[in-house]
Amino acid sequence: MRRRTQIVETALARLGPEVSADLHFQPFELNPQMGPQGQDIAEHIAQKYGSSSTDIDRSQEALKARGDALGFHFDFKRRSRIYNTFDAHRLLHWAEGEGKQHELKNALFSAYFTEGKDPSNHAVLASVAASVGLDEKRAQQILASNEFAAEVRERERYYTGLGIHAVPSVIVNDRHLIQGGQPPEVFEQALRQLAAPASRQAG
């Protein structure tokens with residue numbers, strides 16, 4: 001979720017030169033068995049979590065408020081369905097090698113959460129890739145094939161094997177896990193503490 005990315009970036013900005021970091025997004029599917037037509041969000045949440053319409057509305061209002069505070073707009077009227085994201089992860093795997101993963105991830109978040117577009121639709125995915133400077137024809141070629149499918153599946157298995165079964169999950173230096181909807185202050189404190197031993201060792 002873009003909100004999670006922005007929270008981590010906010011924490012890093014507060015730390016300034018004290019901590020340097022490279023952000024990498026790993027594939028994780030909340031609904032790997034989701035069909036190509038997707039599913040109505042309210043119906044899906046009610047089936048999966050037993051939530052009432054009142055609970056869903058309350059949760060969406062809270063999420064929208066948190067997004068607004070970070071400069072990101074969630075439009076739940078336009079984003080009415082949930083979709084499979086495996087092909088989006090294949091493009092993100094490719095984009096990492098092109099140095100554009102971060103840009104593509106944010107653009108995909110906006111396309112889905114704000115504009116309500118289908119992130120499993122190949123035309124949508126190729127267009128979003130082009131919008132961040134990636135080769136649209138190359139994106140179409142990837143989407144029309146099974147390219148990077150094995151690599152994405154391997155990464156999914158690796159991280160679920162580490163015990164990652166929910167989002168948001170942030171792993172620092174492949175060793176330290178921070179889970180849940182934490183505010184920037186939590187990440188700032190954790191990153192400062194994790195960077196401290198390295199700083200003392202270097203000194």
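What comes next is a walk through the structure. (Residues numbered from 1 in each chain as written. Predicted model: local features only at pLDDT ≥ 70, side-chain atom pairs only at ≥ 80, totals over all residues. Heavy atoms only, no water.)

## Considerations on the environment of E115
Then comes step 1: Checked against the element boundaries, E115 lands in the loop between α5 (101-114) and α6 (122-131).
Then comes step 2: We classify E115 as partly exposed; its relative accessible area is 32%.
Then comes step 3: For E115 and Q141, which are 26 residues apart along the polypeptide, the C-alpha to C-alpha distance reads 25 Å.
Then comes step 4: Setting aside anything within four residues of it in sequence, one finds E115 in contact with R78 and S110.
Then comes step 5: A polar atom in the side chain of E115 sits 3.1 Å from the side chain of K117. (Helix = DSSP H or I, 4+ residues; strand = E, 2+ residues; numbered from the N terminus. Buried < 20%, exposed > 50% of the residue type's maximum accessible area, 1.4 Å probe, protein only. Contact = heavy atoms within 4.5 Å. Polar contact = N/O pair within 3.5 Å; in protein donor to acceptor, adjacent residues only side chain to side chain.)

## Here we look at a nonpolar patch on the surface
Then comes step 1: Taken together, Y158, L162, I171 and L177 make up a surface patch of nonpolar side chains, about 350 Å² in accessible area.
Then comes step 2: Positionally, L177 belongs in strand β4 (residues 176-179).
Then comes step 3: The exposure class of L177 is partly exposed, given its relative accessible area of 42%. (Patch = residues over 30% accessible without salt bridge, like charges linked within 9 Å, V, L, I, M, F, W, Y side chains within 5 Å. Areas by Shrake-Rupley, 256 points an atom, 1.4 Å probe, with all protein chains shown as cover. Salt bridge = Lys/Arg side-chain N within 4 Å of Asp/Glu carboxyl O.)

## Remarks on the packing of aromatic side chains
Then comes step 1: Considering all chains together, one arrives at 6 aromatic pairs under this definition.
Then comes step 2: Between F74 and F76, the ring centres sit 5.9 Å apart and the planes meet at 10°, which makes this aromatic pair stacked.
Then comes step 3: Under the relative-accessibility criterion, F76 is labelled buried at 17%.
Then comes step 4: Here F109 and F113 contribute two aromatic rings whose centre-to-centre distance is 5.9 Å and whose plane-to-plane angle is 45°, an arrangement assigned as tilted. With F109 and F113 both in helix α5 and 4 residues apart, this pair spans about one turn of that helix. For the pair F109 and F113, a shared accessibility class is recorded, and that class is buried.
Then comes step 5: One aromatic cluster is present, built from ring pairs that chain together F72, F74, F76, F109, Y112 and F113.
Then comes step 6: For R153, the ring lying beneath its charged end belongs to F86, and the centroid distance is 3.7 Å. (Phe/Tyr/Trp six-rings, centres within 6.5 Å; stacked < 30°, edge-to-face > 60°. Lys NZ or Arg CZ within 6 Å of the ring centre and 35° of its normal.)

Limitation: the analysis is restricted to geometry and does not speak to function.
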